Amino acid sequence: MITFNDIQIKFGDFHAIKNLNLHIEEGEFFTFLGPSGCGKTTILRSLVGFINPTSGQIRLSDKDITHVPIEKRGIGMVFQSYALFPTMNVYENIAFGMRVKKASKEEIDREVRDIARKVDLKEDQLFKKVSELSGGQQQRVAIARALILKPSILALDEPLSNLDAKLRVQLRNELKSLQKKFGITTIYVTHDQEEALTLSDRIAVFNNGIVEQVDTPEQVYNQSKTEFVCNFIGDINKIDRQMIQNSRLKDAIDPNKIAYIRNEKVSLLPLPGADAVQLKGTIADQEFYGLYSKYVIEVAGGGELKTIEKESGFARHNVGDEIDIYIKTSDILQY
C-alpha cells in the first residue's frame, strides 16, 4: 500500500535519510523504531507531507504522493503532544477537520458521536474541556479527531511517551485493539522497544538514517540481522572471548566473531538438545522483581552472564552460590 522508493532526505549537509526502500502492506500495524535522531520521525513526516524528500518517490497504492499537499493525502496524524486545542471542548476538537471541510451541522454531529462511541468516549465527556480529561482520554480524542476524516492511513508519532509507565501499558493495548477494530493501516514511531515488540505486525529498525532490519517482532528479537539491532532490542549478553576459548563453545561457534545471547536464554536448569553447553559459575549479584529474579553470574574461565529466572517459589539462589549454567549454541547471535 505504501512504498518508499530510493528516498533521500537532506538538511543542508546533514543526511537524515539515506536511500530508503520500504513497503508497508494495507492494514498493517507498522512501527519505525530507533534511538533519537535516527530518522524515524523524519520519514513519517515525509509520508504525511510536512517534509519533501530531497530525492526519491513515495507511493500510496498506485499513486505518487511525493509532492501532493498534506490535506489531499488521506493520512490522519496523531502527534506526541496530541496537539489538541485547549480552548475547545472535546466535541469541537473532534469536529474541527469536518468544519474545515465545511460539512453540514447534521453530518458533523452524526460523525462526531459515532467516532466518539467507537473510541470509547462517553457522551458527557464530549462537552468537557480537554484539560479536564486524563492522558488516556486525551489520546482517544486525538485519535478520534484523526479518524473522523476517514483517512486510509493513521500516523502516530510517539503518542505514549508523555505518559507514566502503567498508563503506557494500558493505552498501547487500547491502541492495538482500536487498530484491529478499524482495520486501518497504522504507522507508529517510537524509541521504546517493548512498545514496538508488543504492538507491531512488522518493525523497521532505524539507525543513522538507514534501516538495519525490517521484520516481524519475533524475527527482529530472535534473529537480529546486525549488531546494532541485536544491542538495541532487549537485554543481551556479550559473550566474553575467554568464555568461548575456555569452554565447549570454541568448537561450536566462530571464535573470530563477536557473540551475543539474550539474557532469558541463559538457563540455570539443564536444557535439552545436542547443542546445549554447560558452564560453571558463581552468583555475583541478584535482583528480585516478584515474578522473576535477575542474576549476574561470574563464569569460571572468564566473563559474566546475566539471566532472568521465573520465581517458582521453590529454589532460590543467593549471591556467592556456585551454580551450573546452560546455553544453547543455536541461541547465540554472531556478527
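Residues numbered from 1 in each chain as written. Predicted model: local features only at pLDDT ≥ 70, side-chain atom pairs only at ≥ 80, totals over all residues. Heavy atoms only, no water.

Per an unreviewed UniProt entry, the protein chain goes by Iron(III) transport system ATP-binding protein and derives from Paenibacillus harenae.

Peer 1: I'm lost on the environment of Gln8 in this one. Help?
Peer 2: Topologically, Gln8 is positioned in strand S1 (residues 2-11). Along the sequence, Gln8 and Leu20 sit twelve residues apart, while their C-alpha atoms lie 6.6 Å from each other. Not counting residues up to four positions away in its chain, the partners in contact with Gln8 are His15, Ile17, Lys18, Asn19, Pro53, Thr54 and Ser55. (Helix = DSSP H or I, 4+ residues; strand = E, 2+ residues; numbered from the N terminus. Contact = heavy atoms within 4.5 Å.)

Peer 1: I keep staring at the pattern of salt bridges and nothing clicks. Help me out?
Peer 2: Side-chain pairs of opposite charge can arise whenever the charged atoms involved come near each other. Tallying each qualifying case throughout the model produces ten salt bridges. Taking the shortest distance from any N to any O, the salt bridge between Glu123 and Arg113 comes out at 2.9 Å. Highlighted residues: Glu123 in the loop between helix H3 (105-118) and helix H4 (135-147) and Arg113 in helix H3, separated in sequence by ten residues. Under the relative-accessibility criterion, Glu123 is labelled exposed at 53%. With its nearest N and O atoms 2.7 Å apart, the salt bridge here joins Lys280 to Asp324. With Lys280 in strand S13 (residues 276-288) and Asp324 in strand S16 (residues 322-328), the pair connects residues that are 44 residues apart, well separated along the chain. What makes Asp324 partly exposed here is its relative accessible area of 25%. One connected set of salt bridges, linked through shared partners, spans Asp109, Arg113 and Glu123. (Salt bridge = Lys/Arg side-chain N within 4 Å of Asp/Glu carboxyl O. Buried < 20%, exposed > 50% of the residue type's maximum accessible area, 1.4 Å probe, protein only.)

Peer 1: Where do I start with the nonpolar core in this structure?
Peer 2: In summary, soluble globular proteins display a tendency toward joint burial of nonpolar side chains. In terms of nonpolar packing, the biggest core is built from 36 residues, with Val78, Val90, Ile94 and Val112 touching the most fellow members. Listed by contribution, the elements that provide at least two residues to this core are helix H2 (90-100), H3, H4, strand S7 (153-157) and helix H5 (165-182). Val90 has contacts with Leu121, Gln125, Leu126, Lys128, Val130, Leu133 and Val141, leaving out every residue within four places of it along the chain. (Core = buried A, V, L, I, M, F, W, Y, C linked by side-chain atoms within 4.5 Å.)

Peer 1: Quick question: what am I supposed to make of unusual backbone geometry here?
Peer 2: The phi angle of most residues is negative, glycine excepted, and most peptide bonds adopt the trans form. Unlike most non-glycine residues, Glu158 shows phi in positive territory, near 45°. Inspection of the secondary structure assignment puts Glu158 in the loop between S7 and H5. On the accessibility criterion, Glu158 (10% relative accessible area) is buried. Even without glycine at this site, Asn208 takes up a positive phi of about 50°. Along the chain, Asn208 turns up in the loop between strand S9 (202-207) and strand S10 (210-215).

Peer 1: Just to check I follow, could you spell out the environment of Val78 for this structure?
Peer 2: Along the chain, Val78 falls in strand S6 (residues 75-78). Judged by its relative accessible area of 0%, Val78 is buried. Excluding residues within four positions of it along the chain, Val78 makes contact with Ala142, Ile143, Ala146, Leu154, Ala155, Leu156, Asp157 and Pro159.

Peer 1: Before we go on, may I ask you to explain the packing of H2 against H3 in this structure?
Peer 2: How two helices pack is summed up by the angle between their axes together with the distance between the axes. Here H2 crosses H3 at 130°, and the two axes come no closer than 10 Å. Taken together, the axes of H2 and H3 lie oblique to each other. Crossing hand, H2 versus H3: right-handed. From H2, Tyr91, Ile94, Ala95, Met98 and Arg99 reach across to H3, where they touch Glu107, Ile108, Asp109, Glu111, Val112, Arg113 and Ile115. Of the residues contributing to the contact of H2 with H3, the split by class is seven nonpolar, no polar and five charged. (Axes fitted to C-alpha atoms, helices over the stretch in contact; angles between N-to-C directions. Parallel < 35°, antiparallel > 145°, perpendicular 65-115°, else oblique. Left-handed = near helix turned anticlockwise from the far one by under 90°. Nonpolar A, V, L, I, M, F, W, Y, C, P; charged D, E, K, R; others polar.)

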